[in-house]
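So you can see what is in the structure, the chains are spelled out below.
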Amino acid sequence: MAQPESLSELLNGRRAALDASLPAVGFLAGWLPFHSLWAGTAGALICALGVVGWRLRRGDRPRAVLIGLLAVCVAALIALHTGKAEDFFLLQLLSNGASVLAWTISIVIRWPLLGLIVGAVLGQRTRWRRDPDLLKAYSRASWVWVLQYVIRLAIFFPLYAANLVGVLAAARILLTWPLIAGCLAVSWWVIQRTLPADHPGLRHPVNRPA
């Protein structure tokens, strides 16, 4: 099986994980010295704006970076509205719960989200679904992503319920970069182990009649 790049390289996983980590770093940096919701949200927004400025300067697509900024703004507004610092992470908690459901359903109905994402990146649309080997590989690898979101929920929810804001922020950082990197590596390993040795790879689906 010829593979010119890893799943992490294909999806820019390292960059995305770093970008997602920085607002939580900013929140923690603002929260720890003052235990102030305003300082925490300000730190998160400063880091998010810094990421946007840096990525746009490097010529990255505006939509991708602005979506990340929007998520941080919504999280900050929720926390400022409720007056609870832990609610800065409520959007993250809800999105992980929704992701568990969405990824699981996609596997069950044989439209694994990992295949849809990679297929979109490669400009294949849904041609990969006519390749039984790729469909099987994407389905198995998508379970790794389900597990990633389950792990986050299992850690985030008790910390959120206990109002442990500083620990929750630290967990948010630790469960972004390392967990995404691990998820990409393991799901890539699953794909490689599932596809036959003579398969031409992700970029070359073996199209067969449905």
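Now for a description of the structure that goes with this document. Chains are numbered independently. Their residues run from 1 in the order of the written sequence. Only residues with pLDDT of 70 or above have their local features reported here, since the model is predicted, and side-chain atom pairs are shown and tallied only from 80 upward, although totals for entire chains, interfaces and linings are computed over all residues. Note: side-chain values were computed over all heavy atoms of the structure, leaving out hydrogens and water.

### Describing the packing of aromatic side chains
Rule in force here: Paired rings are identified among Phe, Tyr and Trp, the last through its six-membered ring, by centres lying within 6.5 Å, and are further divided according to the angle between planes into stacked (under 30 degrees), edge-to-face (over 60) and tilted (the rest). Helix numbering and strand numbering both begin at the N terminus, where a helix is a DSSP run of H or I of at least 4 residues and a strand a DSSP run of E of at least 2. When accessible area is computed with a 1.4 Å probe and restricted to protein chains, residues below 20% of their type maximum are described as buried, those above 50% as exposed, and intermediate ones as partly exposed. Charge-over-ring placement is defined geometrically: NZ (Lys) or CZ (Arg) within 6 Å of the ring centre, and within 35 degrees of the ring normal.
Following the criterion strictly, the structure yields seven aromatic pairs and no others. Look at Phe27 and Phe88: their rings are 4.6 Å apart centre to centre, the planes differ by 15°, and that puts the pair in the stacked class. With a gap of 61 residues between them, Phe27 in helix 2 (residues 13-34) and Phe88 in the loop between helix 4 (62-82) and helix 5 (90-108) connect regions that are remote in the sequence. The same class applies to Phe27 as to Phe88, namely buried. Feature note: the residues Phe27, Trp31, Phe88 and Phe89 constitute an aromatic cluster, connected by ring pairs. The ring of Trp111 is capped by Arg129, whose NZ or CZ atom sits 3.9 Å from the centre of that ring.

### Focus: the nonpolar core
We count it as follows: In this description, a nonpolar core means a group of buried Ala, Val, Leu, Ile, Met, Phe, Trp, Tyr and Cys residues linked to one another through side-chain atoms lying within 4.5 Å.
Residues Leu7, Leu114, Val118, Tyr138, Trp145, Ile191 and Leu202 are the most contacted members of the largest nonpolar core, which totals 27 residues. Among the secondary structure elements, those contributing two or more residues to this core are helix 1 (7-11), helix 5, helix 6 (113-121), helix 7 (132-161) and helix 9 (177-194).

### Structural notes on the environment of Glu86
Note the cut-off: Contacts: residue pairs with any heavy atoms within 4.5 Å of one another.
One can find Glu86 in the loop between helix 4 and helix 5. In the structure, Glu86 is positioned 49 residues away from Leu37 in sequence and 8.9 Å away in space, judged by C-alpha atoms. Contacts of Glu86, omitting those with residues within four sequence positions, involve Tyr160, Asn163, Val165 and Leu168.

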